[in-house]
Amino acid sequence: MKKMKSLFVREFSEGHSVKVTPEVSAGYDWVINGEGVATRKWDGTCSLIEKGEISRRYDCKKGKTPPVGFVPADNPDPITGHWPGWVKMDKFNPKGDEKFFVEAYKNTFGDLNVIPENGTYELCGPKINGNPEKLDKHIFIKHGAEILDAPRDLEGIRQYLADNNIEGIVFHRNDGSGDMCKIKRVDFGFEWNGKTTKR
């Protein structure tokens, strides 16, 4: 899963403050034109489940060597050098915080031997990112699962996020290209998880 870009061009100042501009990011006019679907962006940890195996998102920072088993999800960012990818874990022998992924697997699918639908999921729960989603247990939420009836213009989206206490919106093109983009509450200066700036 590639790192998603913002629907609108953003300007950053000191302290990671964000100003959203009316300019649509290159290649995302399809959102404004009404293509694809709007879905809820959940605040957790991006995960990949394939054939019942769990991989966690790993961002290999510039100048670092990725861990053994690292599978790239995209090319390194030409500006920051960050290289997103996946690292598989052994769900039957979790290490450290991998136990939260295993708990989520059991809570969501019922048993470690169940083989759910392949795809990317968000791990959310009490020990993830300060639990902004206010959940009482760890679960996996499939990306794109919750469809939103959200507007497609800057001011409409701003008002929608002001009225709905969610982290943000992810637009999926759904034409086979896999194109997606996002817009978040904090992009408009609205509070999320105790912050009003880019994290």
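Here the structure is shown first, and the text comes after it.
Residues numbered from 1 in each chain as written. Predicted model: local features only at pLDDT ≥ 70, side-chain atom pairs only at ≥ 80, totals over all residues. Heavy atoms only, no water.

A word on the packing of aromatic side chains
Right, on to step 1. A complete count under the given rule lists eight aromatic pairs for this structure.
Right, on to step 2. When the ring of Tyr 58 is compared with that of Phe 70, the centres are 6.1 Å apart and the planes differ by 75°; the resulting orientation is edge-to-face. Placement of the pair is Tyr 58 in strand 6 (residues 53–60) and Phe 70 in the loop between strand 6 and strand 7 (71–72), with a sequence separation of twelve residues.
Right, on to step 3. The partly exposed category is assigned to Tyr 58, whose relative accessible area is 32%. (Phe/Tyr/Trp six-rings, centres within 6.5 Å; stacked < 30°, edge-to-face > 60°. Helix = DSSP H or I, 4+ residues; strand = E, 2+ residues; numbered from the N terminus. Buried < 20%, exposed > 50% of the residue type's maximum accessible area, 1.4 Å probe, protein only.)

Focus: the side chain of Lys 182
Right, on to step 1. Checked against the element boundaries, Lys 182 lands in strand 13 (residues 180–184).
Right, on to step 2. This buried residue, Lys 182, is left without a salt bridge; Asp 187 holds the nearest opposite charge, at 7.4 Å.
Right, on to step 3. When neighbours within four sequence positions are excluded, Lys 182 is seen to be in contact with Met 4, Lys 5, Ser 6, Leu 7, Lys 41, Ile 169 and Val 170. (Lys, Arg positive; Asp, Glu negative; His and termini not counted. Salt bridge = Lys/Arg side-chain N within 4 Å of Asp/Glu carboxyl O. Contact = heavy atoms within 4.5 Å.)

Considerations on the nonpolar core
Right, on to step 1. In terms of nonpolar packing, the biggest core is built from 19 residues, with Leu 7, Ile 157, Leu 161, Ile 169, Phe 171 and Ile 183 touching the most fellow members.
Right, on to step 2. For this core, the secondary structure elements donating two or more residues are helix 1 (29–32), helix 3 (154–163), strand 12 (168–172) and strand 13.
Right, on to step 3. Ignoring any residue separated from it by four or fewer positions in sequence, one finds Leu 7 in contact with Glu 23, Val 24, Ser 25, Tyr 28, Val 31, Ile 157, Phe 171, Cys 181 and Lys 182.
Right, on to step 4. Counting 14 residues, the second largest nonpolar core, distinct from the first, contains Phe 100, Phe 101, Leu 112 and Leu 123. (Core = buried A, V, L, I, M, F, W, Y, C linked by side-chain atoms within 4.5 Å.)

Details of the sheet that holds strand 4 (residues 37–41)
Right, on to step 1. Overall, mixed pairing links the five strands, which are arranged 1-13-12-4-11 in an open sheet. Each edge of the open sheet is held by one strand with a lone partner, namely strand 1 (5–6) and strand 11 (147–148).
Right, on to step 2. Sheet analysis places strand 4 next to strand 12, joined by five bridges and oriented antiparallel. Each bridged residue has a counterpart across the sheet, and for Thr 39 the counterpart in strand 12 is Val 170.
Right, on to step 3. Strand contacts of helix 3: strand 11, strand 12 and strand 13, with the helix running at about 130° to strand 12, the strand carrying the most contacts. (Pairing = 2+ DSSP bridges. Axes fitted to C-alpha atoms, helices over the stretch in contact; angles between N-to-C directions.)

As for helix 3
Right, on to step 1. If you check which residues of helix 3 are buried, you get Leu 154, Gly 156, Ile 157, Tyr 160 and Leu 161. Taken end-on, helix 3 shows its buried residues confined to a sector of 165°, consistent with a single buried face.
Right, on to step 2. Close packing links the buried residues of helix 3 with strand 2 (8–12), strand 3 (18–24), strand 11, strand 12 and strand 13. (Arc of directions from axis to C-beta.)

So, the sheet that holds strand 10 (residues 139–142)
Right, on to step 1. Strand order in the open sheet formed by six strands is 7-8-6-5-9-10, with antiparallel pairing between adjacent strands. This sheet does not close on itself; its edge strands, each paired only once, are strand 7 and strand 10.
Right, on to step 2. Strands in contact with helix 2 (residues 98–109) are strand 5 (45–50), strand 6, strand 9 (119–124) and strand 10; relative to strand 10, the strand with the most contacts, it is inclined by about 70°.

Some points on helix 2
Right, on to step 1. An ideal rise of 1.5 Å per residue puts 16 Å on twelve residues; helix 2 measures up with 17 Å between its terminal C-alpha atoms.
Right, on to step 2. All of the buried residues along helix 2 are Glu 98, Phe 100, Phe 101, Val 102, Ala 104, Tyr 105 and Phe 109.
Right, on to step 3. As for helix 2, its buried residues are in contact with strand 5, strand 6, strand 9 and strand 10. (Expected span 1.5 Å × (residues − 1).)

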